[in-house]
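Structure at a glance
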Amino acid sequence: MAAEAGSNQSVERALGVLRALTAGRSELRVSDVAKATGLGLSTASRLLATLEAAGFVDRDPVSGLYRLGLDMVSLGGTVLNNHPVHREARQTAQNLAAELGLGANVAVRRGDRLFYLLNFEGRQAPRAFVLAGQYNPLHATGLGKALLSGLAAEERRALLPGPTLHAYTHRTITTHEQLDEEIARTLARGYSTEIEELALGRACVAAPIRDASGAVVAGLSVSGPLSAIDLATREAALARAVIEAADSVSIGLGYVGPAHVSPQQIAMPEVVS
């Protein structure tokens, strides 16, 4: 039992080192890793050397800084290739990004945050980094609202406790009452929107993806700069495209129930000044 406990502790410490290398700066000194994990310098150094030998960590020969190794990509690729939503959504999202010129994203819910499974950049929405594998809040994103539409109000409050929700910009929804209204709107029209709630200058349109049981298991969105997404004139067209794409993925996952709103029934929304 003692040996097993020691082995488990070593695994937990090694995972802690890997997590430290995924947060914040991309390259860390041994002392940075030790501080982030609460480990001693010698323990952190030993774990980094072991992970380096296994290919999970790389060490810059000049600076001596550590970063995640390329073998981590192999692990991540295997996970994604075996995920049913990723398999069904990948080509659909790629086509959507090419057709609309916007970013196309697919995410699932992990606890109280959304987790990006994939992202394709459109010509009008380039990114200098990969979104896949990153997390974002649920209440401040169109994808998050699409995912939350599968939960009842009391479930959302249990998942996101507190009288107020964190504000990322002056436009972020910060109360459950406001969030309830947004979710009700999402359910009524079949899609959600987000305008500068997470980051200024950006917006998105998202729709839920359902599995064979009818449960919301993922969300699909198109996103980009305000000037490119232009919701004032493109919302209806983007909503139709996103709903059709999400429905296509849902059907691939075995969903046979009716969509909340037929894409042909979406009218141009009123523009409120």
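Residues numbered from 1 in each chain as written. Predicted model: local features only at pLDDT ≥ 70, side-chain atom pairs only at ≥ 80, totals over all residues. Heavy atoms only, no water.

Re the overall build of the chain
Looking only at helices and strands, the chain features 10 helices and 8 strands. Taking the principal axes of its C-alpha atoms as reference, the chain extends roughly 65 × 40 × 40 Å. Considering the chain as a whole, with its 273 residues, one finds that 44% of them fall into the buried category. A total accessible area of about 14100 Å² is found for the chain, and carbon and sulfur atoms account for 54% of it. Both charge centroids of the chain, one from 25 positive and one from 27 negative side chains, sit 4 Å from each other. (Helix = DSSP H or I, 4+ residues; strand = E, 2+ residues; numbered from the N terminus. Buried < 20%, exposed > 50% of the residue type's maximum accessible area, 1.4 Å probe, protein only. Areas by Shrake-Rupley, 256 points an atom, 1.4 Å probe, with all protein chains shown as cover. Lys, Arg positive; Asp, Glu negative; His and termini not counted. Charge placed at Lys NZ, Arg CZ, Asp CG, Glu CD.)

Points about the sheet that holds strand 5 (residues 135–137)
With antiparallel pairing, 6 strands are arranged side by side in an open sheet as 5-4-3-8-7-6. Every interior strand has two partners, whereas the edge strands, strand 5 and strand 6 (192–195), have only one. Neighbour to neighbour, the strand axes of the sheet diverge by 35 degrees on average, direction disregarded. Bridging between strand 3 (residues 103–110) and strand 4 (residues 113–120) involves 7 bridges; their strand directions are antiparallel. Residue pairing for strand 4: Val 108 is matched across the bridge by Phe 115. Against the sheet, helix 5 (residues 84–100) touches strand 3, strand 4 and strand 8 (216–225), its axis set at about 60 degrees to strand 4. (Pairing = 2+ DSSP bridges. Axes fitted to C-alpha atoms, helices over the stretch in contact; angles between N-to-C directions. Contact = heavy atoms within 4.5 Å.)

As for unusual backbone geometry
One non-glycine residue, Glu 196, lies in positive phi territory at about 55 degrees. On the secondary structure map, Glu 196 appears in the loop between strand 6 and strand 7 (202–210). In this structure Glu 196 comes out as buried when scored by relative accessible area, which is 14%. In the Ramachandran plot, Asp 230 falls in the positive-phi region, its phi being about 45 degrees despite a non-glycine side chain. Mapped onto the elements of the fold, Asp 230 is located in the loop between helix 9 (226–229) and helix 10 (231–252). Residue Asp 230 is classed as partly exposed on the basis of its relative accessible area, which comes to 30%.

Quick word on the packing of helix 5 against helix 10
The N-to-C vectors of helix 5 and helix 10 enclose an angle of 160 degrees; their axes lie 9 Å apart at closest approach. By the angle between their axes, helix 5 is roughly antiparallel relative to helix 10. The crossing of helix 5 and helix 10 is right-handed. Contacts between helix 5 and helix 10 involve Glu 88, Ala 89, Thr 92, Leu 96 and Leu 100 on the former and, on the latter, Arg 234, Leu 238, Ala 241, Ala 245, Ser 248, Val 249 and Gly 252. Taken together, the residues of the contact of helix 5 with helix 10 break down into 7 nonpolar, 3 polar and 2 charged. (Parallel < 35°, antiparallel > 145°, perpendicular 65-115°, else oblique. Left-handed = near helix turned anticlockwise from the far one by under 90°. Nonpolar A, V, L, I, M, F, W, Y, C, P; charged D, E, K, R; others polar.)

Structural notes on the side chain of Asp 180
Summarising the element assignment, Asp 180 is placed in helix 8 (residues 176–189). For Asp 180, the side chain forms a polar contact with the side chain of Arg 157, separated by 2.7 Å. Residues within four places of Asp 180 in sequence aside, it is in contact with Ala 153, Arg 156 and Arg 157. (Polar contact = N/O pair within 3.5 Å; in protein donor to acceptor, adjacent residues only side chain to side chain.)

Here's the deal with the nonpolar core
Side chains of a nonpolar character, in soluble globular proteins, are inclined to be buried together. Formed by 34 residues in total, the largest nonpolar core has its most connected members in Leu 96, Val 106, Val 205, Ile 209, Leu 220, Val 222 and Leu 238. Elements supplying a minimum of two residues to this core: helix 5, strand 3, strand 4, strand 7, strand 8, helix 9 and helix 10. Of all the elements, helix 10 adds the most residues to this core, at 9 residues. The contacts of Val 222, once residues within four sequence positions are left out, are Leu 96, Leu 100, Leu 102, Gly 103, Asn 105, Ala 203, Cys 204, Val 205, Ile 229, Leu 238 and Val 242. Judged by nonpolar contacts, the second largest core, of 18 residues, contains Ala 107, Ala 146, Leu 147 and Leu 165. (Core = buried A, V, L, I, M, F, W, Y, C linked by side-chain atoms within 4.5 Å.)

What about the packing of aromatic side chains?
The description of an aromatic ring pair rests on the distance of the ring centres and on the angle between the ring planes. A complete count under the given rule lists 1 aromatic pair for this structure. With a centroid separation of 5.2 Å and 65 degrees between ring planes, the pair formed by Phe 115 and Tyr 135 is classed as edge-to-face. Of this pair, Phe 115 sits in strand 4 while Tyr 135 sits in strand 5, placing them 20 residues apart in sequence. For Phe 115, a relative accessible area of 18% gives the class buried. Of the residues examined, Tyr 135 reaches a relative accessible area of 31% and is grouped as partly exposed. Across the ring face of Phe 115, the terminal group of Arg 110 is positioned such that the distance to the ring centre comes to 5.7 Å. In this arrangement the basic side chain of Arg 189 is found over the ring face of Tyr 191, its NZ or CZ atom lying 4.2 Å from the centre. (Phe/Tyr/Trp six-rings, centres within 6.5 Å; stacked < 30°, edge-to-face > 60°. Lys NZ or Arg CZ within 6 Å of the ring centre and 35° of its normal.)

A short note on the layout of surface pockets
In this structure, the largest pocket encloses a volume near 1400 Å³. In terms of lining, the largest pocket is formed by 35 residues, of which the most central are Thr 22, Gly 76, Phe 115, Ala 132 and Gly 133. Of all elements in the fold, only helix 1 (2–20), strand 2 (66–68), helix 4 (71–81), helix 5, strand 3 and strand 4 reach the threshold of two or more residues within the lining of the largest pocket. Considering each element in turn, the lining of the largest pocket owes the most residues, 7 residues, to helix 4. Residues that form the lining of the largest pocket fall into these classes: 19 nonpolar, 11 polar and 5 charged. (1 Å grid on protein atoms, 1.4 Å probe; cavity = no way out; pocket = protein on both sides within 12 Å on 5 of 7 lines; lining within 4 Å. Points joined across faces, edges and corners; volume = space filled by probe spheres on them.)

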